[in-house]
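# Chains, contacts and geometry: an overview
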Amino acid sequence: MEHDKAAYADDVSYDESLDELPTDDELETAVSNLEDRGFGVVVVDTAEDALAELKSRIPEGASVMNGHSTTLEEIGFDDYLMDGDHDWQNLHAEVFDIDDDAERAAARREAQTADYFLGGVNAVAQSGELVAADASGSRIGAYPFAAANLLLITGANKVVDDLDAALNRLENVAYPLEDARAEDVYGAPSAIAKQLIYRYENDDDRTTVVLVRESLGY
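Residues numbered from 1 in each chain as written. Predicted model: local features only at pLDDT ≥ 70, side-chain atom pairs only at ≥ 80, totals over all residues. Heavy atoms only, no water.

### A closer look at the packing of aromatic side chains
Rule in force here: Side-chain rings of Phe, Tyr and Trp (the six-membered ring for Trp) are treated as a pair once their centres are within 6.5 Å; stacked means planes under 30 degrees apart, edge-to-face means over 60, and tilted covers the remaining angles. Burial here depends on accessible area, computed with a 1.4 Å probe over protein chains only, as a share of the maximum for the residue type. Under 20% is buried, over 50% is exposed, and the range in between is partly exposed. Working definition: helices are DSSP H or I runs of at least four residues, strands are E runs of at least two. Numbering for both runs from the N terminus. Any Lys NZ or Arg CZ found within 6 Å of a ring centre and within 35 degrees of that ring's normal is scored as a charge over the ring.
Here the structure, examined in full by the defined rule, presents 4 aromatic pairs. Summarising the aromatic geometry, the rings of Tyr-80 and Trp-88 are spaced 5.6 Å apart at their centres and angled 75° between planes, so their arrangement reads as edge-to-face. In this pair, the class of Tyr-80 matches that of Trp-88, namely buried. Taking the centre distance of 6.3 Å and the plane angle of 70° together, the rings of Phe-117 and Tyr-143 count as edge-to-face. Of the two residues, Phe-117 is situated in strand β4 (residues 116-120) and Tyr-143 in the loop between β6 (130-134) and β7 (149-155); the sequence distance between them amounts to 26 residues. An aromatic cluster is built from Phe-77, Tyr-80 and Trp-88, whose rings are joined through pairwise contacts. The ring of Tyr-200 carries the charged tip of Arg-37 above its face, separated from the ring centre by 4.8 Å. The aromatic ring of Tyr-80 is capped on one face by Lys-55, whose charged end is 4.2 Å from the ring centroid.

### Brief notes about helix α1 (residues 24-36)
Quick reminder of the rule: Under the convention used throughout, the expected extent of a helix is 1.5 Å for every residue step, that is, one less than its residue count. The arc in question is formed by the directions pointing from the helix axis toward the C-beta atoms. Note on definitions: a residue-residue contact is assigned when non-hydrogen atoms from the two residues lie within 4.5 Å.
In this model α1 runs 18 Å from its N-terminal to its C-terminal C-alpha over 13 residues, within 8% of the 18 Å that 1.5 Å per residue would give. Of the residues making up α1, those classed as buried are Leu-27, Ala-30, Val-31 and Leu-34. Taken end-on, α1 shows its buried residues confined to a sector of 95°, consistent with a single buried face. For α1, the exposed residues set more than 90 degrees away from the buried face come down to Asp-25, Glu-28 and Asp-36. Summarising the contacts, the buried residues of α1 are in contact with β1 (40-44), β5 (123-125), β6, β8 (159-160) and β10 (207-212). Directly after α1, the chain includes Gly-38, whose backbone phi takes a positive value near 95°.

### Looking at the layout of surface pockets
Spelled out, the test is: Residues are called lining when one of their atoms sits within 4 Å of a cavity or pocket point, these points coming from a 1 Å grid over the protein atoms alone, where a cavity is a set in which a 1.4 Å probe fits but cannot get out and a pocket is an open set with protein on both sides within 12 Å along at least five of seven lines. Grid points are joined across faces, edges and corners, and a volume is the space filled by probe spheres set on the points. Classes in brief: Ala, Val, Leu, Ile, Met, Phe, Trp, Tyr, Cys and Pro nonpolar; Asp, Glu, Lys and Arg charged; the others, Gly included, polar.
Of the volumes computed, that of the largest pocket is approximately 840 Å³. Along its surface, the largest pocket is lined by 39 residues, and His-68, Asp-134, Glu-178, Arg-181 and Tyr-186 are the ones closest to its centre. Contributions of two or more residues to the lining of the largest pocket are made by β2 (63-66), α3 (70-75), α4 (77-83), α5 (91-96), β6 and α7 (163-186). Counting residues per element, the lining of the largest pocket draws most heavily on α7, at 7 residues. Along the lines of polarity and charge, the residues of the lining of the largest pocket split into 17 nonpolar, 14 polar and 8 charged.

### Thoughts on the pairing of β10
The cut-off we apply is this: A strand pair is defined by DSSP finding two or more bridges across the two strands.
For β10, the buried fraction is high: 6 of the 6 residues fall into the buried class. In β10, alternate side chains face the same way, and those of Thr-207, Val-209 and Leu-211 on one face and Thr-208, Val-210 and Val-212 on the other are all buried. Judged from the 5 bridges that link them, β1 and β10 form a sheet pairing that is parallel. When the sheet's bridge partners are listed, Val-44 is paired in β10 with Val-212. Where β7 meets β10, 6 bridges bridge the pair, whose relative direction is parallel. Bridge pairing in β10 links Ile-153 to Val-210.

### As for unusual backbone geometry
Of note in this structure, Asp-205 is not a glycine but carries a positive phi near 65°. Note that Asp-205 resides in the loop between β9 (194-198) and β10. Classification of Asp-205 by relative accessible area gives exposed; the value is 71%.

### So, the sheet that holds β8
Strand pairing within a sheet occurs via backbone hydrogen bonds; the two strands may be parallel or antiparallel. The strand order β8-β5-β6-β9 describes an open sheet built from 4 strands, whose pairing is mixed. Strand pairing shows two members of the sheet lacking a second neighbour, β8 and β9, which therefore form its edges. Note: β5 against β6, 2 bridges, orientation antiparallel. Residue pairing for β6: Ala-123 is matched across the bridge by Val-131.

### Some details on the side chain of Asp-179
To keep it simple, the criterion reads: In this tally Asp and Glu are treated as negative and Lys and Arg as positive; neither His nor the chain ends contributes. One speaks of a salt bridge when a side-chain nitrogen belonging to Lys or Arg is within 4 Å of a carboxyl oxygen belonging to Asp or Glu.
Note that Asp-179 resides in helix α7. No salt bridge is formed by the buried Asp-179. Its closest oppositely charged neighbour is Arg-181, at 9.8 Å. Filtering out sequence-adjacent residues up to four positions away, Asp-179 remains in contact with Pro-189 and Ser-190.

Structure below.
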């Protein structure tokens, strides 16, 4: 994939110490604390397993929207959503088929209320918090409330010690890599403009974190 981490890692300075796979004990601690905070958690071994997990969780006829996520691209979800053999309502395709900028923006906002919204996070604290940020907020806008069901996919390389380390990872791993991608793809820099610290999920069974035992995403 031309926009994965490997495309920028050699030219971008980032803190590689905050991008390492955790030990089994560290991962178990993160899972336990996420569950204590109301998040459902599924741990899978591979990207292929992660895609299968996501497919199994979205019922036929559900409306589906995704925010940009390198991890979703890496596991093949974006391609499956756009071209795959499913019976979902593909809101992503509907939104980006609109030619008028204002109409597309309005549809994009409405799509935040999808039955299933999928995205990633920039860091997972072992203490149980999730950290994510956007330049526009088009991804994380659905996370706190708008989407009926939220599926968050992340590589285990994003698991760090605590919330301070998670915020540090956002600034010093995810941002510089995403900034390079944005310049490449959009011809403009990125920014940590809209930031979410997701501390608790109070709606039973609404948010599921799929943790992959691989190094994925930024």
